[in-house]
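# Structural overview for review
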Amino acid sequence: MASKVIPWYKKKHVSQVKTDYAYHHTKSVVKQQTERKSSSKSVSKVQAQATEAMAEPAYTIPAFRQRTAEETEEYQRVTKNVGKGLAVIQEELHRMRISTKAQVDSLAIQKEVRDMMSKRSDLVDEIPKMPDFLLALRPHTVWEKTPVKLFCTVQGNPRPVVQWYKGGVPVNPVNAPGKYKIENKYGVHSLIISRCVVSDTAEYSAVATNPHGTATSKATVTVKRPAGAGESCHLGLVPRLTEIHASKLEVSLLDHFSVSFGVEGGSISLVCSMVVVPDLPNVPPLAQWYRDDKLLKPGKLVEMSVGGGEARLTLPHLAKDDEGLYTLRIFTKDGTTEHSAYLFVSDAAPSAAGAPGAPMSVKAYDINSDYVLVAWKPPNTVNEAAITGYFVDRCEAGSDTWVQCNDAPVKVCKYPVHGLSVGRSYHFRVRAVNSAGISRPSRKSDKVTALDAAESERLQVIKIEGKYDIVIKDDDLEGYVTIPGEPADVHASEIFKSYVVLSWKPPSPRGRAPLWYVIEKCLAGTGAWQRINTAVKLHSPRYPVFDLQDGQKYQFRVYSVNMYGSSEASAPSEPIQKVDEDGVPSAPGQVIATRNTKSSVFVQWEPPKHAKNLMGYYIDGRVVGGKEWFPCNHKPFKHTRFVVHGLIPGESYVFRVQAVNVFGLSDESQESSPIAVESALATPSAPFGITMLSCDGSSMVLAWKSPKHCGGSKVNAYYIDKRNADTLVWKEVNLTPITERICTVDNLTEGNFYEFKIQAANLAGVGVPSAPSAPLKCEAWTMEEPGPAYDLSFSEVRGHSLVILWKAPVYTGASAVTGYLVEMAKKGSSEFVTLTQEAVSHRYLKVKNLEEGESYVFKVRAVNGNGVGKPSQLSQPVCAKALPGTKEIVAGVDEETGDIFLSLEACEICETSKFVWSKNYKPIGDCPRISTSTKGRTSRLTFINADKDDLGKYSAVVTDTDGVSSSYTLTEDGFVHVGFLESAALNTMLELSHAIRNPIVPLKHGLNYEILEKGHVRFWLQAVKLSPSVSYRFIVNDKEVTSAEGHKISHDVSTGIIQMTVDLFTRANEGTYTVQIHDGKAKNQSSLVLVGDVFKAALKEAEFQRKEHIRKQGPHFSQYLYFTVTEDCTVMLACKVANVKKETTFHWYKEDEEIVPETPPNVMSGACAIPLPLFSRKDQGVFKATVSDDRGKDTSLFDISGQVFDDIINALAQNAGASASELVLQCTPEGIRLQCYMNYYTEEMKTVWKHKESKIASSEKMRIGGTAEMAWMQICDPSDKEKGHYSIEISDGVKTHTRTFDLSGQAYTDAYEEYLRLKAAAFAEKNRGRVVGGLPDVVTIMEEKSLSLTCTVWGEPIPEVTWFKNEQEVASCEHTKVTFDGGKFASLIINKVTPEDSGKYSINVRNKYGGEFVEITVSVYKHGEQIPEPKLGHPKAATPIPPKSPAPSSKAPTPAPPKAQTPASMMKSPTPASIPAPKSPTPTPKSATPAPKSPTPTPKSPTPTMGRGVKSPTPPRFMKSPTPPRK
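The following paragraphs examine the structure supplied in this document. Nothing here was measured: the structure is a model prediction, and the numbers come from that model. (Residues numbered from 1 in each chain as written. Predicted model: local features only at pLDDT ≥ 70, side-chain atom pairs only at ≥ 80, totals over all residues. Heavy atoms only, no water.)

What follows is about empty space enclosed by the protein. Per the stated rule, a full pass over the model turns up 8 cavities of 30 Å³ or more. Volume-wise, the second largest cavity comes out at about 90 Å³. Residue lining of the second largest cavity: 13 residues in total, with Thr 691, Lys 705, Tyr 790, Asp 791 and Gln 873 positioned closest to the centre. Within the residue set of the lining of the second largest cavity, elements represented by two or more residues are β46 (688-695), β47 (700-705) and β54 (790-795). The class makeup of the residues in the lining of the second largest cavity is 7 nonpolar, 4 polar and 2 charged. (1 Å grid on protein atoms, 1.4 Å probe; cavity = no way out; pocket = protein on both sides within 12 Å on 5 of 7 lines; lining within 4 Å. Points joined across faces, edges and corners; volume = space filled by probe spheres on them. Helix = DSSP H or I, 4+ residues; strand = E, 2+ residues; numbered from the N terminus. Nonpolar A, V, L, I, M, F, W, Y, C, P; charged D, E, K, R; others polar.)

Strand residues, when the strand is regular, have side chains that alternate between the two faces of the sheet. Pairing between strand β14 (residues 286-291) and strand β18 (residues 324-332): 6 bridges, direction antiparallel. Counterpart to Ala 287 in the pairing with β18 is Ile 330. Across 2 bridges, β14 lies against strand β15 (residues 294-295) in antiparallel orientation. Within β15, the residue paired with Tyr 290 across the bridge is Leu 295. (Pairing = 2+ DSSP bridges.)

Judged by side-chain charge, Asp 696, Asp 746, Glu 750 and Glu 779 come together as a negatively charged surface patch. Checked against the element boundaries, Glu 779 lands in the loop between β53 (776-777) and β54. (Patch = residues over 30% accessible without salt bridge, like charges linked within 9 Å, V, L, I, M, F, W, Y side chains within 5 Å. Areas by Shrake-Rupley, 256 points an atom, 1.4 Å probe, with all protein chains shown as cover. Salt bridge = Lys/Arg side-chain N within 4 Å of Asp/Glu carboxyl O. Lys, Arg positive; Asp, Glu negative; His and termini not counted. Charge placed at Lys NZ, Arg CZ, Asp CG, Glu CD.)

With that settled, consider the environment of Glu 905. Assignment of secondary structure puts Glu 905 in strand β63 (residues 900-905). In sequence terms Glu 905 and Val 890 are 15 residues apart; their C-alpha atoms lie 9.1 Å from each other. Those residues within four positions of Glu 905 in sequence are excluded, and the remaining contacts are Lys 887, Arg 937 and Thr 938. A polar atom in the side chain of Glu 905 sits 3.0 Å from the side chain of Lys 887. Reaching out from Glu 905, the side chain makes a polar contact with the side chain of Arg 937 at a distance of 3.4 Å. (Contact = heavy atoms within 4.5 Å. Polar contact = N/O pair within 3.5 Å; in protein donor to acceptor, adjacent residues only side chain to side chain.)

Take helix α5 (residues 1092-1111) next. With 20 residues, α5 ought to run about 28 Å at 1.5 Å a step, and its terminal C-alpha atoms sit 28 Å apart, in line with that. Of the positions making up α5, those classed as buried are Phe 1095, Ala 1098, Leu 1099, Ala 1102, Glu 1108 and Arg 1111. Buried positions along α5 lie against β72 (1003-1011), β73 (1017-1023), β79 (1082-1090), β80 (1116-1125) and β86 (1192-1200). (Expected span 1.5 Å × (residues − 1). Buried < 20%, exposed > 50% of the residue type's maximum accessible area, 1.4 Å probe, protein only.)

Along the chain, Asp 321 turns up in the loop between β17 (310-315) and β18. Comment: no salt bridge for buried Asp 321; closest opposite-charge side chain is Arg 443, at 4.8 Å. Looking at Asp 321, its side chain comes within polar contact range of the main-chain nitrogen of Ser 361, at 2.7 Å. Ignoring sequence-local partners within four residues, the contact set of Asp 321 consists of Arg 291, Met 360, Ser 361, Val 362, Arg 443 and Lys 635.

As a further point, take the environment of Val 733. Within the secondary structure layout, Val 733 lies in the loop between β49 (731-732) and β50 (742-745). Of the residues examined, Val 733 reaches a relative accessible area of 29% and is grouped as partly exposed. A sequence separation of 11 residues divides Val 733 from Thr 744, and the C-alpha atoms of the two residues are 9.8 Å apart.

On the surface, a nonpolar cluster with roughly 330 Å² of combined accessible area is contributed by Leu 134, Leu 135, Phe 151 and Val 188. Classification of Leu 134 as exposed rests on a relative accessible area of 53%.

Its 23 residues place the ends of helix α7 (residues 1305-1327) 33 Å apart at the C-alpha level, agreeing with the 33 Å of an ideal helix rising 1.5 Å per residue. For α7, the full list of buried residues reads Tyr 1308, Ala 1311, Glu 1314, Tyr 1315, Leu 1318, Ala 1321, Ala 1324, Glu 1325 and Asn 1327.

Working definition: two side chains of opposite charge can pair if their charged atoms are close together. Tallied over the full model, the rule gives 49 salt bridges. With a closest N to O distance of 2.6 Å, Arg 443 and Asp 322 form a salt bridge. Highlighted residues: Arg 443 in the loop between β26 (437-438) and β27 (448-449) and Asp 322 in the loop between β17 and β18, separated in sequence by 121 residues. Just as Arg 443 is buried, Asp 322 falls in that class too. Between Glu 1260 and Arg 1263 there is a salt bridge, with its nearest N and O atoms 3.2 Å apart. When its relative accessible area of 63% is taken as the criterion, Glu 1260 is described as exposed. The structure contains a network of salt bridges with shared partners spanning Glu 651, Lys 887, Glu 905 and Arg 937.

Here the focus is the side chain of Asp 370. Structurally, Asp 370 is set in the loop between β20 (360-365) and β21 (371-377). Polar side-chain contacts of Asp 370 include one of 3.2 Å to the backbone nitrogen of His 539. Aside from chain neighbours lying at most four places away, what touches Asp 370 is Val 417, His 418, Gly 419, Leu 420, Lys 537, Leu 538, His 539 and Ser 540.

This part covers the nonpolar core. The nonpolar side chains of a soluble globular protein tend to be buried with one another. Grouped together as the largest cluster of nonpolar side chains are 50 residues, with contacts concentrated most on Phe 1146, Phe 1175, Ile 1200 and Leu 1212. At 6 residues, the largest contribution of residues to this core is made by helix α6 (residues 1202-1219). Counting residues in each nonpolar core, the second largest holds 31 residues, with Cys 413, Leu 420, Val 448 and Phe 496 among its members. (Core = buried A, V, L, I, M, F, W, Y, C linked by side-chain atoms within 4.5 Å.)

The strand order across the open sheet built from 3 strands is β80-β81-β84, with neighbouring strands paired in antiparallel fashion. Every interior strand has two partners, whereas the edge strands, β80 and β84 (1167-1172), have only one. The average angle at which neighbouring strand axes cross in this sheet is 15°, direction not considered. Its contacts with the sheet put α6 on β80 and β81 (1131-1138), and the angle it makes with β80 is roughly 50°. (Axes fitted to C-alpha atoms, helices over the stretch in contact; angles between N-to-C directions.)

With that settled, consider the packing of aromatic side chains. Evaluated as defined, the whole model comprises 37 aromatic pairs. Ring plane angle 55° and centroid distance 5.4 Å describe the contact between Phe 794 and Phe 858, whose orientation is recorded as tilted. Of the two residues, Phe 794 is situated in strand β54 and Phe 858 in strand β59 (residues 855-864); the sequence distance between them amounts to 64 residues. Considering the side-chain rings of Phe 1364 and Phe 1413, the 6.2 Å spacing of their centres and the 45° angle between planes classify their relative orientation as tilted. Separated by 49 residues along the polypeptide, Phe 1364 in strand β98 (residues 1360-1365) and Phe 1413 in strand β103 (residues 1410-1421) bring together distant segments of the chain. Classification of Phe 1364 by relative accessible area gives buried; the value is 2%. Judged by relative accessible area, which is 12%, Phe 1413 ranks as buried. Aromatic ring contacts, followed pair by pair, group Phe 261, Tyr 342, Phe 344, Phe 637 and Phe 642 into a single cluster. Stacked on the ring of Tyr 290, the Lys or Arg Arg 329 has its end atom at 5.0 Å from the ring centre. (Phe/Tyr/Trp six-rings, centres within 6.5 Å; stacked < 30°, edge-to-face > 60°. Lys NZ or Arg CZ within 6 Å of the ring centre and 35° of its normal.)

If you want it as structure tokens, here you go:
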């Protein structure tokens, strides 16, 4: 990369040579150079011709030979003309001799003058002379926002150095980019101030200095501001600028684009920022972009922009065609300024692993009406297989459809494409092929149109009178031609092994009719012609031939054909043979690599001896010690020197080169010598940060920071100069070099101010001096506080943290330093934050919680018993960002030696870099406990016999880098990986170290056993790895066991398993088992103690397996009894049987009592099951299943109790919970009931009712119950306390199924009203008047007998009783007596009945809640008459006996009760009645009141009617549930 400004007047005198990439010039420079070279060559040629002419003898005419008369006449005519020509030539030669002699004399005089002047200048240069201003500075007065230029001319010997000052302060253009520009051209020194402001008003001085003295020139610059600030500038107070051309601007490039790397298919932008004076938005600078000296133009593939202080080039679709040296050239007032950098474009990911990269630079040549020649450049193949050929594709412009042009891959980078359509435009692309696959396609070529190239040659333009153009075709001049002439000059324009391209000249005359060609071939010398283009008409004078045989020579001839006929055959071509004319170039010569920068290497090589039309070169690189080569460039490079970028600093590489031409890549050159990537050796940059650490009145202690760039060699010396601040003369402080960055300067005068500057030196010499320090006063320090800390440095800079280190102050004050305070601020901010609340005693601090990418500055203050001292010099800004590729220290144990180590691999390094290890940030010197070693970019710190004394924080810093550093804390315990560790745990590493030094055979699994089928026992262990030479022993109870009958011992190297199988395991096998392994140097053993309960368990399992093996010889259970639950909650006991036959029987038992299921078990199906419906606690017990036949019997037991019973209940609960409905509200006279319906419910299920998340226990207030179909919870006598959220939880042991109901608000109000209504109706039904017993339905009595109808009535309050006969009330009289005793017993007594007393009697019992109407039929028959037959349902006879008391007679006739029931008996109350139910067979009327004819009014029926939406609490008896069924 390079940036330079070339004045216009220097371009004609200075040779344009660039040192970055060989001879990359712009077109304009190349053109000027070419013109100068051509003019120089022409002059030299003329001089040479003149010299030869002067040396030639005079011209003489040879003697005549015998000629005829005509020949003599012709000869004389020619001789006369030649004589005249010779005379003219002789005169011209004479003139040239004189002119040449004058030029030679002039050149000699000029050379003599130059020699004398050079001698004079040498003499003058030898005379020492102090600086002297030949032309002093002039004062200037300028307007604001205009530039000003101060210049002067100074002489002196040695040449003076000029420093510019503003008001006594040095002018530094770096501190104000774009503001100042300092130039020095031919002894003229100038200071340019751009866009002046009022604050630029000052006295400016130029101080010229050399070893013999100093000279100063001063001038004042006054900047004036127009009235009205900038408002009236346009009114003429500032002269209006005329139109400014872009080339009149002053442009300074600031941030340059660097070497860039892209990938095919991606995009990249190259940006260069600049300062433009004046900065006019409508006049941007004139910028040009070049790639490899070819001017780029904006388009779809190249986007350019200039403005806003930057020039930008964007490549939106990268391809390897874009690789090259990019140059930005900007035209300025003083010439041009330019910057160049290389862009590398690597291959995109291949379409298939191992496939080659894409070809590039696809172009079409020799374009004809149906033929083009496509050429391209081959890709570089580094680690891929060699390219075997290429496929060429084409597509018409505007289309995305690509058509492959060649069936077989072509082996050279050219291919003739024919068969195109005249007038159509095409794009072409190429794909490379190797054994692994086909590459990605190249970038498509520019658009080409298939046109007849000879058409333009057949046109003539004639000017008439100098202003009219007439176009005439050759067809018009040929006249009327029908049959064309024959073609001419048939030859091969391209000859390759793959194909031959025939070319010829079109016929003349041609004719106006459309023309095509016919080609014939024959073996050379045979004359047997054969037509070869029979399929298509050929319109171009080009034709590729592919089907020629190797080793044969052919001749070709061509016919011209049109609609009128065919021409004669052309002359046959010369014999043509299909061979490769040249082949690939020879390998390039010696390759030499030299240092360039810390990430690049300069590679140059000798060209190949046989170039063979070179396209360029490919350069490959390889890390020393590695195997894989990598491409350094991806597009053939034309020159023999190249800068390889993007290398790892400090790494060593070798390089090789291949030459490229149309046939492919040459053999590789020999490898270069290894070279480490280091900067080229140069002097170091200037030190900086000069600070005073102490002063005693006659001396000062100074310190400074190392140069930012060491120049590729260690800085080994510093030189200090000083001067009084009021003088300009510098004096040397030290003649002998200072090696440390701290120095005491003596012999100073107290009270004076001094300035210092420092130069660093290395092997390349003494570098540039630093900027002068600020004036430092020589005054003795007497303060009690300490002086400043110094040499602030940073380590372990990461995205969010860093470590700051410093050195203790030289001046400690009145007492010793006890600690330090660290302050931090963001760059550019003056707000410092103290990072430590209390002073830290050590001289380092880890700063955390930084913002990634942000820059910070720091300062440190020392603290002693007297207070806080001076702050240190402000640190350089540090950006919280890790270096690319940063790696951390890793801890590990060497797998070979067992040594514990810490290792750091540097992401960059240079030749002078060293690894500096520290413990707790104190450098580790020569210590017998620790050794360090460095190999390449990796350093290792190894502990010798590590112990707890080695615990602590270790850090490593790589010198002469951009801050490569890392730290690691070695702790006593932690997590460890073998090899490299995540965190260092000393104890674990010590164990690992011991294991490595004392190797063992690592085991995946120790000795173990397993019971196999048939009761065999297998003892085994598994090692991580076994070698084929492994040996081992099995020892049982201190006796070695070998492989024999009953014991089988074997091992498998692939799996690492060693095993022993015991066929018959008995009590004799109890004991200790051991395996001893020897594998090389490593050994191990593993033991297994098989005694006591462990052995008994193993023996029991072995015997069981033996029995199982025997059992399975007959019918047996392949799966013992188990249970399942069906969707309808039926529990099924099931089992599976095997090895059965038709004769096999199966039986079920419970508690040894056989169960005969409805469906006999089918053993042949392999499965048997028995259902247990409505499962509950009654089903507990031991179930047994047996299967048997003549081969044996097998039994399976299943104990349904304990946990098994709980598991079945949980399974039922899972089904029931999943099917549970939402809670349903049901009102009853006793209260409010919540019901949950489900597939099956039993009280054994784990159900919990909750009210407001509190569990409800069953009580008189809250009753809990259920049926097989539902679970319910009833709230008796509800109140407002029972309002709220209710839920039922059904647990199945895994999941809890919850259903809820919100009994509040309107839902509670409605339910409560319905409850009250039902309660009132029930109360009324309970307390109404009624007949509870004693009355028959029919009475038959003989005349003259007494009839007593007595019954018991009940009601609260006591009901009224009325008797009726034939619906007429019966009044009490002597014959008929009505009594009602105690409010309980009602009687109707008829004395001496007569037939008139027959009839229908009835009793009406009623109170305020209702009543009952009972009818009795009385029949009186005469003495001697046959007793009448009773009606259906009536008793045959009744002989009443008069009562002796008011109580009803127990001997009263009691006829059979009817089927009908009273409403009260039809209602089943959930609570027992307080009065016994009636025993009388009193018939039940349809209503509790008599018929409408009854004198008693009909009250409201005591039977409550069901409210709408509320289910009745008293369903009929025939229903299974006390509630109505669900919908």
